[in-house]
Amino acid sequence: GNSVTQMEGPVTLSEEAFLTINCTYTATGYPSLFWYVQYPGEGLQLLLKATKADDKGSNKGFEATYRKETTSFHLEKGSVQVSDSAVYFCALSGSSSNTGKLIFGQGTTLQVKP
Amino acid sequence: GAGVSQTPSNKVTEKGKYVELRCDPISGHTALYWYRQSLGQGPEFLIYFQGTGAADDSGLPNDRFFAVRPEGSVSTLKIQRTERGDSAVYLCASSLTWSEGEQFFGPGTRLTVL
């Protein structure tokens, strides 16, 4: 079945450091891929998405490119801020499913220190 | 309302009791999803409604779990004979349709079964 695997956390970085959070997936067909973020005390929010191979999703300085050849959707940011501290979830929505249900990875906690 | 709301925010119950969790989706959203998030894990899909009907309930763990959406808006997740293993955060999300628009998540209901 479809699944998502993320790098384990926590990831601890200093402010202005470069961020990469790895995400790989297993799916039949051509899923849509997402990154969701959960800030402390808040609900899940969509950060960015990509719906087909080679698409790049971007938002708030974060980027991720849909790589079908490596089944990956790694999240990157060139210069993190303390306010980026949160839990990040990679997710997919399978193309063979006419429901839009999301399958999530286990989440990666990011801590950014000033 | 501006977003998805869920009530109660916290529910503590005893093993064997019955609980109901409520979700108010964004007005006009026809697709509604329930997910369950255990500590340190990503959300897991439970059930999807398109309008009033449960189009996909493949994620419900067993027949103690049931959900309804009688008028195509508010949904209630019902858990009978609760067990300690049911303790988790139950998340509701809605979107315009299953294929259009991002899923907007509510703040969740934290269920604790003693």
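As a reminder, the structure under discussion sits directly above these lines.
Note that the structure is a prediction, hence the values are computed from the model and not measured.

Novice: I tried to follow the overall build of chain A on my own but got confused; where do I start?
Specialist: Secondary structure summary: chain A contains zero helices and twelve strands in total. By the compact-globule yardstick of 13 Å for 114 residues, chain A fits well, its C-alpha radius of gyration being 14 Å. Buried residues in chain A amount to 46% of all 114 residues. When contacts within chain A are restricted to residue pairs at least 6 apart in sequence, those whose partners lie at least 24 apart make up 57%. Summing over all exposed atoms, chain A offers an accessible surface of approximately 5,300 Å²; the carbon and sulfur share of this is 47%. The averaged location of the 10 negative side-chain charges in chain A is 7 Å from the averaged location of its 9 positive side-chain charges.

Novice: What am I meant to see in the pattern of salt bridges here?
Specialist: A side chain with one charge may pair with a side chain of the opposite charge, provided their charged atoms come close. Applying the stated criterion across every chain yields a total of seven salt bridges over all chains. Note that Lys52(A) is salt-bridged to Asp55(A), the shortest N-O span being 3.4 Å. The class for Lys52(A) is exposed, based on a relative accessible area of 51%. Classification of Asp55(A) as partly exposed rests on a relative accessible area of 21%. The structure contains a network of salt bridges with shared partners spanning Arg64(B), Glu83(B) and Asp86(B).

Novice: I keep staring at the packing of aromatic side chains and nothing clicks. Help me out?
Specialist: Scanning the model with the defined rule gives twelve aromatic pairs over all chains in all. A centroid spacing of 5.8 Å and a plane angle of 85° characterise the contact between Phe104(A) and Tyr35(B), whose relative ring orientation is edge-to-face. Taken together, the residues span two chains, with Phe104(A) in strand β11 (residues 103–104) and Tyr35(B) in strand β4 (residues 31–37). For the pair formed by Phe104(A) and Tyr35(B), the shared burial category is buried. Here the aromatic residues Phe34(A), Tyr36(A), Phe89(A), Phe104(A), Tyr33(B), Tyr35(B), Phe45(B), Tyr48(B) and Phe105(B) are joined through ring pairs into a cluster of three or more.

Novice: Explain the nonpolar core to me, please; I cannot follow it from the model alone.
Specialist: Among soluble globular proteins, nonpolar side chains are generally buried collectively. Ranked by internal contacts, the top residues of the largest apolar core, which has 26 residues, are Leu19(A), Trp35(A), Leu47(A), Leu48(A), Phe73(A), Leu75(A) and Tyr88(A). Put simply, the parts of the chain that give this core at least two residues each are β2 (11–14), β3 (19–21), β4 (23–26), β5 (32–38), β6 (45–50), β8 (62–65), β10 (86–93) and β12 (108–113) of chain A. Looking at this core element by element, the count peaks at four residues for β10(A). Filtering out sequence-adjacent residues up to four positions away, Leu19(A) remains in contact with Val11(A), Leu13(A), Phe62(A), Leu75(A), Glu76(A), Lys77(A), Val80(A) and Leu110(A). Val4(B), Cys23(B), Phe65(B) and Tyr90(B) belong to the second-largest nonpolar core, a separate cluster that totals 20 residues.

Novice: Before we go on, may I ask you to explain unusual backbone geometry in this structure?
Specialist: Generally, phi is negative for residues other than glycine and the peptide bonds are trans, each holding for most cases. Following Gly9(A), the chain continues into Pro10(A) via a peptide bond in cis, with omega recorded as 0°. Counting through the fold element by element, Pro10(A) comes out in the loop between β1 (3–6) and β2. Here Thr7(B) and Pro8(B) are connected by a cis peptide whose omega angle stands at -10°. Residue placement: Pro8(B) occurs in the loop between β1 (5–7) and β2 (10–13).

Novice: Could you clarify how one ought to interpret the sheet that holds β1(B) in this entry?
Specialist: One key point about sheets: their strands pair by backbone hydrogen bonds, in either a parallel or an antiparallel sense. All names here are of chain B. The sheet built from four strands is open, its strands ordered β1-β3-β8-β7 with antiparallel pairing. At either margin of the open sheet sits one strand with a lone partner, and together these are β1 and β7 (65–68). Adjacent strand axes in the sheet meet at a mean angle of 15°, parallel and antiparallel pairs treated alike. Judged from the three bridges that link them, β1 and strand β3 (residues 19–24) form a sheet pairing that is antiparallel.

Novice: So what exactly am I meant to see when it comes to the state of the cysteines here?
Specialist: Disulfides are covalent bonds that connect the sulfur atoms of two cysteines. Applying the stated criterion to the full structure yields two disulfides over all chains. Shown here is the disulfide that connects Cys23(A) with Cys90(A), its sulfur atoms set 2.0 Å apart. With the S-S bond torsion at -70°, the cross-link from Cys23(A) to Cys90(A) turns out left-handed. With Cys23(A) in strand β4 and Cys90(A) in strand β10, this residue pair connects regions lying 67 residues apart in the sequence. An identical accessibility class is assigned to Cys23(A) and Cys90(A); each is buried. With its sulfur 1.8 Å from that of its partner, Cys23(B) forms a disulfide with Cys92(B). An S-S torsion of about -65° defines the bridge between Cys23(B) and Cys92(B) as left-handed. Taken together, the residues Cys23(B) in strand β3 and Cys92(B) in strand β9 (residues 88–95) connect sequence positions 69 residues apart.

Definitions and limits used
- Residues numbered from 1 in each chain as written.
- Chains lettered and ligands numbered in written order.
- Predicted model: local features only at pLDDT ≥ 70, side-chain atom pairs only at ≥ 80, totals over all residues.
- Heavy atoms only, no water.
- Helix = DSSP H or I, 4+ residues; strand = E, 2+ residues; numbered from the N terminus.
- Rg over C-alpha atoms; globule rule 2.2 N^0.38 Å.
- Buried < 20%, exposed > 50% of the residue type's maximum accessible area, 1.4 Å probe, protein only.
- Contact = heavy atoms within 4.5 Å.
- Areas by Shrake-Rupley, 256 points an atom, 1.4 Å probe, with all protein chains shown as cover.
- Lys, Arg positive; Asp, Glu negative; His and termini not counted.
- Charge placed at Lys NZ, Arg CZ, Asp CG, Glu CD.
- Salt bridge = Lys/Arg side-chain N within 4 Å of Asp/Glu carboxyl O.
- Phe/Tyr/Trp six-rings, centres within 6.5 Å; stacked < 30°, edge-to-face > 60°.
- Core = buried A, V, L, I, M, F, W, Y, C linked by side-chain atoms within 4.5 Å.
- Pairing = 2+ DSSP bridges.
- Axes fitted to C-alpha atoms, helices over the stretch in contact; angles between N-to-C directions.
- Disulfide = S-S within 2.5 Å.

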